[in-house]
Amino acid sequence: IQVSTAMTLDGLLGHEHHMTGENMVSLAPVIEACDYLMVTYYPLKGTNTIKTSQEIKHDLAALLEIARDKKILFQELGCPTSPLTGSSQETQADFLNTMFDFLEANQNRIIAADFMVLFDWPRSLVDHFGEYYGLSDNESFKGFLQTLGLFDADENPKKGWAVFRQRSLAIASR
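Thresholds applied
Counting of residues starts from 1 at the beginning of each chain's written sequence and follows it residue by residue. Local features in this predicted model are restricted to residues whose pLDDT is 70 or higher, and side-chain atom pairs enter the listing and the counts only when it is 80 or higher, whereas totals over whole chains, interfaces and linings include all residues. As a rule here, side-chain values cover all heavy atoms of the structure and leave hydrogens and water aside. Starting at the N terminus, helices and strands are each numbered in turn, a helix being any DSSP run of H or I of at least four residues and a strand any DSSP run of E of at least two. An expected span of 1.5 Å times one less than the residue number is assigned to each helix. Burial classes: relative accessible area under 20% of the type maximum marks a residue as buried, over 50% as exposed, and values in between as partly exposed (1.4 Å probe, protein chains only). Comment: arc refers to directions from the helix axis out to C-beta atoms. Should any heavy atoms of two residues lie within 4.5 Å, those residues are considered in contact. Here the term cavity refers to a set of points on a 1 Å grid, laid over the protein atoms alone, in which a 1.4 Å probe fits but cannot get out; the term pocket refers to an open set having protein on both sides within 12 Å along at least five of seven lines, with lining residues being those that place an atom within 4 Å of a point. Grid points are joined across faces, edges and corners, and a volume is the space filled by probe spheres set on the points. Three residue categories are used. Nonpolar comprises Ala, Val, Leu, Ile, Met, Phe, Trp, Tyr, Cys and Pro, charged comprises Asp, Glu, Lys and Arg, and polar comprises the others, including Gly.

> Looking at this model, I keep getting lost on helix α7 (residues 159–172). Mind explaining?
Because an α-helix completes one turn every 3.6 residues, residues spaced three or four positions apart along the sequence face the same direction. With 14 residues, α7 should reach 20 Å at 1.5 Å per residue; the first-to-last C-alpha distance of 20 Å fits that figure. What α7 keeps buried is the set Gly160, Val163 and Arg167. The arc enclosing the buried residues of α7, seen along the axis, measures out at 60°, which places them on a common side. Those residues of α7 that are exposed and angled more than 90 degrees off the buried face are Gln166 and Ala172. The inward-facing, buried residues of α7 abut α4 (89–105).

> Can you walk me through the layout of surface pockets in this structure?
Using a probe with the size of a water molecule, rolled over the atoms, empty space left in the structure can be pinpointed. There is about 240 Å³ of room inside the second largest pocket. Along its surface, the second largest pocket is lined by 13 residues, and Phe100, Leu103, Ile110, Ala113 and Ile171 are the ones closest to its centre.

> I'm lost on α4 in this one. Help?
Taking 1.5 Å per residue, 17 residues should reach 24 Å; α4 reaches 24 Å between its end C-alpha atoms and fits that length. Turning to α4, its buried residues number three or more, namely Gln92, Ala93, Phe95, Leu96, Thr98, Met99, Phe100, Phe102 and Leu103. Structurally, α4 contributes buried residues whose contacts are with β2 (36–41), α3 (53–67), β3 (71–77), β4 (110–115) and α7.

> Can you walk me through empty space enclosed by the protein in this structure?
Applying the stated criterion across every chain yields a total of one cavity of 30 Å³ or more. Here the largest cavity is characterised by a volume of approximately 50 Å³. Together, Leu77, Gly78, Cys79, Gln92, Phe95, Leu96, Phe115, Met116, Val117, Leu148 and Leu150 line the largest cavity. When residues in the lining of the largest cavity are grouped by element, the largest group, three residues, is from α4. Split into classes, the residues belonging to the lining of the largest cavity amount to nine nonpolar, two polar and no charged.

From the geometry alone we can't say anything about function, so treat these as descriptive.
What follows is the structure, given as C-alpha cells:
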C-alpha cells in the first residue's frame, strides 16, 4: 500500500503565509516519508488573484523538481472565474489547457488529477466556508470558492467545460 499526505503546491514551494519565520516547517522529511506527492493546486497569489500562465508553468516545473523521482497525484485542481479574483471563463479555460499540457507532457510522473469542482457552489455554502476560515468579509476569497465549477450555478457550461471534456476524452481514447 502506498501512502502520502495532502499538501498545497504553495506550501511545497514555501509560499504559504503560515510557512514563515520560526513557524517554518521543513517539508523535506514529509516528502521523504511519502510514496508519492498528493498536491492541491489553485493558481492564486496571496491576494486571491490569479497567477499568469508563466507563473503557473513555473510552479509546475518547480513541483517536478521537488518531487524528484516520486509520482504526483493532484488531489484538487481548480481555477475560479470570478472577476473578484481577476479571473474569467477564458482564464479558467486557459488554466485547464495549461494543466492538460502539463499532464500529457509528464504522464509518466502523474498518477491522477481531480479537477475541482463540477458546479459552482451556492452562496450559502460559500458564506459558511467564509465563516469557517475566518474570512467572512473577504469577497475575493468567497468569489474564488463560489466560481470554481466548470458549470455555473444555473448549470450552464462554462468555457472551461469544453476544454475539460475535449482534453479528457482525448486522453481517455489513447
